[in-house]
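So you can see what is in the structure, the chains are spelled out below.
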Amino acid sequence: MPFHNLKMRHFQSLLYFTILATILLTACSSESPVTVESTPVFSTSELSGGETTVFDASSHAFSIPAPNLSPAALEKHLKGDVEFEAVFVTAPAVVNPGLGPIYNNVSCINCHSRDGRGRPPDADEGLVSLLFRLSLPKTEDAMDGKPPIPVPGFGTQLNNRAIVNANPEGKIKIDYTEQTLTTEDGTRVHLRYPNYTLTETYQPLPEEVEVSPRVAPVVFGLGLLEAIPENAILAYADEADADGDGISGKPNFVWNVVEQRYTLGRFGWKANQPTLLQQVAAAYHDDMGITTSLFRTENSAGQPQLTAHSATPEISDEILEVVTFYVQTLAVPARRNVEDPQVEQGEQLFAKAQCASCHVPTLRTGVLAGVPSVSNQTIHPYTDLLLHDMGPDLADNRPDFHANGSEWRTPPLWGIGLVKRVNGHTNFLHDGRARNLMEAILWHGGEAEASRQAVEQMSKTERDALIAFLESL
Ligand code: HEC
Ligand code: HEC
Ligand SMILES: [Ca+2]
Ligand SMILES: [Ca+2]
Ligand SMILES: [Ca+2]
């Protein structure tokens, strides 16, 4: 996308905004009363990622470098791209050794397929891009803000694969219970609730183990989310629900390995990672069994399969840095069909149903050191990066720092309409149980109870418009 073209589009949307504002003002003066929504002003802009936006709605839409990278930055991004796709093997190979001995997958891209999202396995298919976090219950204050307690012999994640001569920690069997929900206008919607059974564990697993399923999320636009100033995020927090709207966003504060203190969590389904550097190092460590300077001890420490262990990290800081830069600088795909009347109606319904109270449409980034392309951008991520109680049906009942067993971080919705084209499925939510966008909405409970009820009360035309809006993101 040439730069002038991007500018042109930007100009068009500004112009469009001005016209819209004028129409609204005119409407205000002639017709009263006009109700003003308390939700943030939504944007009609197509530029979801500011100047990092790309106009590409193909199956590669999530894999494009931000168009505003300098030549040197692009080169660094492309080095990271190679490492993101690198397949790791058993030591002592010459290229990419260090896999395992226990792991979940052999490369980043295997889980984040096409830089997009994972899904639960089909029947008779092994786990690919869904993993399970484990912990022991906390005896005293479950909400102590401390990290999850590792399960002896298993750690905090079930590693379901192992290299030759080592044992996988176990397997998971998934089956679903079907439920039916009827909306006000009589439409029947089928929902499936997942049940997990841990099988073939290499040693007995304590009865009381807590299990949290997580599918791999998309990895584009993340530098922008990292560049949002902390105080901008905290400004949306309303833990005691002081404004009485039933919604009480809460920040997570999690252990920051580099700074050796608790800092704001932003990444992962429970916002349990503070920075992309730490998120990436944790992925190498937990998901692939690769040590780095941040996590020097193998994830299998203390298990019989770990025979030899070197204090030297299995990958260099340079690799860690370029992969981090890669996920910081993937472009955000532009919205489509923003002027379609059905999409516009859906956008209004999204605000009216209070979706925008958590899925915040517009934020402004600050400065992210070393990554000028994501700095000072106006973006439309549709998240507040805060934790919300989503009710018992979505609960994993496994606390993660300050997140309790029913709290989840609002996931960004940008690009969600392209998941089908990029990843060939429409499985949503943290465990991929929803088989389409409407199912994802109808699982909302807890703080989002009123939003879900609003959707249940909509007419079919309105629900179609809401989905058309989500598909335009
Ligand atoms: C086994 C599958 C798997 C592998 C392999 C994997 N990931 Fe992930 N990734 C996930 C899951 C699942 C999450 C969500 C984790 C959570 O919520 O706790 C995640 C989260 C992330 C996030 C945060 C996204 C967000 O929106 O918060 C980033 C960035 C990321 N992974 C990058 C990587 C990189 C880089 C690699 C390779 C070093 C990698 N991942 C390897 C499954 C995987
Ligand atoms: C109280 C905050 C809140 C409100 C209000 C809310 N959501 Fe969500 N939304 C979330 C959270 C948190 C999740 C993740 C839940 C999970 O994965 O278990 C989510 C997930 C989603 C997803 C799936 C995203 C993905 O990546 O899997 C969609 C789509 C969605 N919401 C749309 C909506 C719509 C439409 C509305 C209004 C009708 C709405 N949400 C209202 C917090 C909220
Ligand atoms: Ca290793
Ligand atoms: Ca483990
Ligand atoms: Ca509130």
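Keep in mind that this is a model prediction, so the values were computed, not measured.

Here we look at helix H12 (residues 460-471)
- When the terminal C-alpha atoms of H12 are compared, their 16 Å separation across twelve residues agrees well with the 16 Å that a helix rising 1.5 Å per residue should span.
- Packed against the buried residues of H12 are helix H8 (341-352), helix H10 (437-442) and helix H11 (449-456).

A closer look at the packing of aromatic side chains
- Applying the stated criterion across every chain yields a total of twelve aromatic pairs.
- Measuring from centroid to centroid gives 5.1 Å for Phe84 and Tyr326, while their planes differ by 45 degrees, and the two rings are tilted. Taken together, the residues span a long stretch of sequence, with Phe84 in helix H2 (residues 71-85) and Tyr326 in helix H7 (residues 317-328) at a distance of 242 residues.
- Taking the relative accessible area as the measure of exposure, Phe84 reaches 3% and is therefore buried.
- On the accessibility criterion, Tyr326 (1% relative accessible area) is buried.
- Considering the side-chain rings of Tyr262 and Phe401, the 6.3 Å spacing of their centres and the 75 degrees angle between planes classify their relative orientation as edge-to-face. Pair noted here: Tyr262 is in strand E9 (residues 261-264) and Phe401 is in the loop between strand E13 (387-389) and strand E14 (407-409), with a separation of 139 residues, a long-range link.
- Through pairs of rings, three or more aromatic residues link up here, namely Phe62, Phe220 and Trp414.

What about the nonpolar core?
- Ranked by internal contacts, the top residues of the largest apolar core, which has 104 residues, are Phe62, Phe84, Phe88, Tyr284, Val327, Phe350 and Leu470.
- Discounting residues that sit within four places of it in the chain, Val327 has contacts with Phe84, Val219, Leu222, Gly223, Leu276 and Val280.

What to know about the confidence of the model for the chain
- Put simply, the chain has an average pLDDT of 90, and 90% of its residues get 70 or more.
- Segment residues 1-42 is flagged for pLDDT under 50; beyond a separation of four residues in sequence, or across chains, it makes 31 contacts in the model.

Structural notes on the coordination of the calcium ion (ligand 3)
- At 2.2 to 2.7 Å from the calcium ion (ligand 3) lie its protein donor atoms, namely Gly98 (O), Gly100 (O), Gly289 (O), Glu298 (OE), Glu298 (OE), Glu314 (OE) and Glu314 (OE).
- Going along the chain, you hit the donors of the calcium ion (ligand 3) in the pattern G-x1-G-x188-G-x8-E-x15-E. Taken together, the positions of Gly289 in the loop between helix H6 (276-288) and H7 and Glu314 in the loop between H6 and H7 put the pair 25 residues apart, joining distant regions of the chain.
- For Gly289, a relative accessible area of 1% puts it in the buried group.

Describing the pattern of salt bridges
- Evaluation of the coordinates by the stated rule reveals 18 salt bridges.
- For Lys250, the salt bridge is made with Glu407, and the minimal N-O distance between the two is 2.9 Å. A residue pair is termed long-range when its members are at least 10 positions apart, and Lys250 in the loop between helix H5 (230-234) and strand E8 (253-256) and Glu407 in strand E14 qualify at 157 residues. Like Glu407, Lys250 is buried.
- Note that Glu439 and Arg435 form a salt bridge whose closest N and O atoms lie 3.2 Å from each other.

Describing the environment of Asp175
- Mapped onto the elements of the fold, Asp175 is located in strand E5 (residues 171-182).
- Overall, Asp175 belongs to the partly exposed group, its relative accessible area being 32%.
- Taking the C-alpha atoms as reference points, Asp175 and Val338, separated by 163 residues in sequence, lie 39 Å from one another.
- Not counting the four nearest positions on each side in its chain, Asp175 is found in contact with Tyr193, Pro194 and Asn195.

Procedures and definitions
Residues numbered from 1 in each chain as written. Chains lettered and ligands numbered in written order. Predicted model: local features only at pLDDT ≥ 70, side-chain atom pairs only at ≥ 80, totals over all residues. Heavy atoms only, no water. Helix = DSSP H or I, 4+ residues; strand = E, 2+ residues; numbered from the N terminus. Expected span 1.5 Å × (residues − 1). Contact = heavy atoms within 4.5 Å. Phe/Tyr/Trp six-rings, centres within 6.5 Å; stacked < 30°, edge-to-face > 60°. Buried < 20%, exposed > 50% of the residue type's maximum accessible area, 1.4 Å probe, protein only. Core = buried A, V, L, I, M, F, W, Y, C linked by side-chain atoms within 4.5 Å. pLDDT = per-residue confidence, 0-100. Donors = N, O, S within 2.8 Å, 3.2 Å for Na, K, Ca; no water. Salt bridge = Lys/Arg side-chain N within 4 Å of Asp/Glu carboxyl O.

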